[in-house]
There are 2 protein chains.
Amino acid sequence: MEQLKERIRKEGKVLPGNIIKVDGFLNHRVDVRLMEDIAAEFAKYFDTKGITMVLTAEASGIALATVCAQKYGVPMVFAKKAKSDNIEGGLYQSEIFSYTYKKKVTQILSKEWLNADDKVLIVDDFMANGEAVRGLCDLVEQAGAELVGIGIAIEKGFQGGGDRLREMGLNYHALAVIENADEHGIVFRD
Amino acid sequence: MEQLKERIRKEGKVLPGNIIKVDGFLNHRVDVRLMEDIAAEFAKYFDTKGITMVLTAEASGIALATVCAQKYGVPMVFAKKAKSDNIEGGLYQSEIFSYTYKKKVTQILSKEWLNADDKVLIVDDFMANGEAVRGLCDLVEQAGAELVGIGIAIEKGFQGGGDRLREMGLNYHALAVIENADEHGIVFRD
């Protein structure tokens, strides 16, 4: 998606440790018009008319997933990080390792809001090692629901998460795959 | 807002400890159409044409704030909970006590995305004791920005957060104020 790559080129910053900062339009300040364009782009790859929900993970995926759900006319559900006492029993749970927080995180999702009849499109703003998405896929499997596809705005290709999903044969698409990011700049995969 | 009260009456559950669970449409599974109606309702109370951004707090406010920002044609910015290493220096910070997590939480916001020229509408899905919103107001003040208003979907009136904001003379509106919630049901403030 050329528009997204152009925003990354112009506004993205590379921090030490291959951290790519795009918080001016994606995951701190959010350009909602761009989210609409991303949602429209996903619709070229996924059967958005055949889904019953958009699923994402707390927190930064919520904005994009909300706009996608709005466009496709379905609810948006987000898996929570555990430890809130606002969710009673009856949970799907998956354990993931958060590189952002440098610790294990438990994703939880109420069984009330995901069941075997659901056809799920997973959406997230960013993929690095793919732990968050792996956890979401696990939740969908626990529910016996159908995974229609996985749409990611920006993939850090050099961290392998996206390639693992491709090897598994999943219907996975990332709109901008970054092959390399260092002090010389950002290079996209063809 | 009668539509919102009706949803709370029909779908809300009261858990021990006066916890009001509305996670089927507001903060776990999100009914995006309802968010659009809430955004339209806020526009009756606030000068949404005069704002430069919608500000909320991670995580559950993001969905509603995104739809509001979309409707008003401005970016959505969310304050993060500290400990992510994806944000470099230059931060506004506010300390709040999270009753959900039973601990102090530091809200952080990059100085890049909020400055003295901004006119800010704060939006959140839920208010109990008001700590999250107090922290957001503090961030706006640190930036020297103008606080245009504070819009909340559901206020737990009996926990005092909303009343404190009213006493301060802030332009605060909640669309459904719950006066009491127990095993006998949910009662709204007139």
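Residues numbered from 1 in each chain as written. Chains lettered and ligands numbered in written order. Predicted model: local features only at pLDDT ≥ 70, side-chain atom pairs only at ≥ 80, totals over all residues. Heavy atoms only, no water.

(A) Structural context of the environment of Ala82 of chain B. Structurally, Ala82 of chain B is set in the loop between β5 (76-81) and β6 (91-98). Classification of Ala82 of chain B as partly exposed rests on a relative accessible area of 27%. Each C-alpha atom, one on Ala82 of chain B and one on Val105 of chain B, is 7.3 Å from the other, the two residues being 23 residues apart in sequence. When sequence neighbours within four positions are dropped, the list of residues in contact with Ala82 of chain B reads Tyr101 of chain A together with Thr106 and Ile108 of chain B. (Helix = DSSP H or I, 4+ residues; strand = E, 2+ residues; numbered from the N terminus. Buried < 20%, exposed > 50% of the residue type's maximum accessible area, 1.4 Å probe, protein only. Contact = heavy atoms within 4.5 Å.)

(B) Quick peek at helix α4 (residues 131-143) of chain B. Residue and element names in this part refer to chain B. Compared with the 18 Å implied by 1.5 Å per residue over 13 residues, the 19 Å span of α4 between its first and last C-alpha is a close match. What α4 keeps buried is the set Glu131, Val133, Gly135, Leu136, Cys137, Leu139, Val140 and Ala143. Among the residues trailing α4, Gly144 stands out with phi positive, at a value near 70°. (Expected span 1.5 Å × (residues − 1).)

(C) Quick peek at the packing of aromatic side chains. Per the counting criterion, the structure on display carries two aromatic pairs over all chains. Ring plane angle 55° and centroid distance 6.1 Å describe the contact between Phe42 of chain A and Phe46 of chain A, whose orientation is recorded as tilted. (Phe/Tyr/Trp six-rings, centres within 6.5 Å; stacked < 30°, edge-to-face > 60°.)

(D) Spatial organisation of the nonpolar core. By size, the foremost hydrophobic cluster in this structure holds 82 residues, and its most contacted members are Leu4, Ile8 and Ile38 of chain A together with Leu4, Ile8 and Ile38 of chain B. If we skip the residues at most four places from it in the chain, Ile38 of chain B touches Met1, Leu4, Leu64, Ala153 and Leu175 of chain B. (Core = buried A, V, L, I, M, F, W, Y, C linked by side-chain atoms within 4.5 Å.)

(E) Geometry of the state of the cysteines. Applying the stated criterion across every chain, the model contains zero disulfides over all chains. For Cys68 of chain A, which is in no disulfide, the shortest distance to another cysteine sulfur is to Cys137 of chain A and amounts to 16 Å. (Disulfide = S-S within 2.5 Å.)

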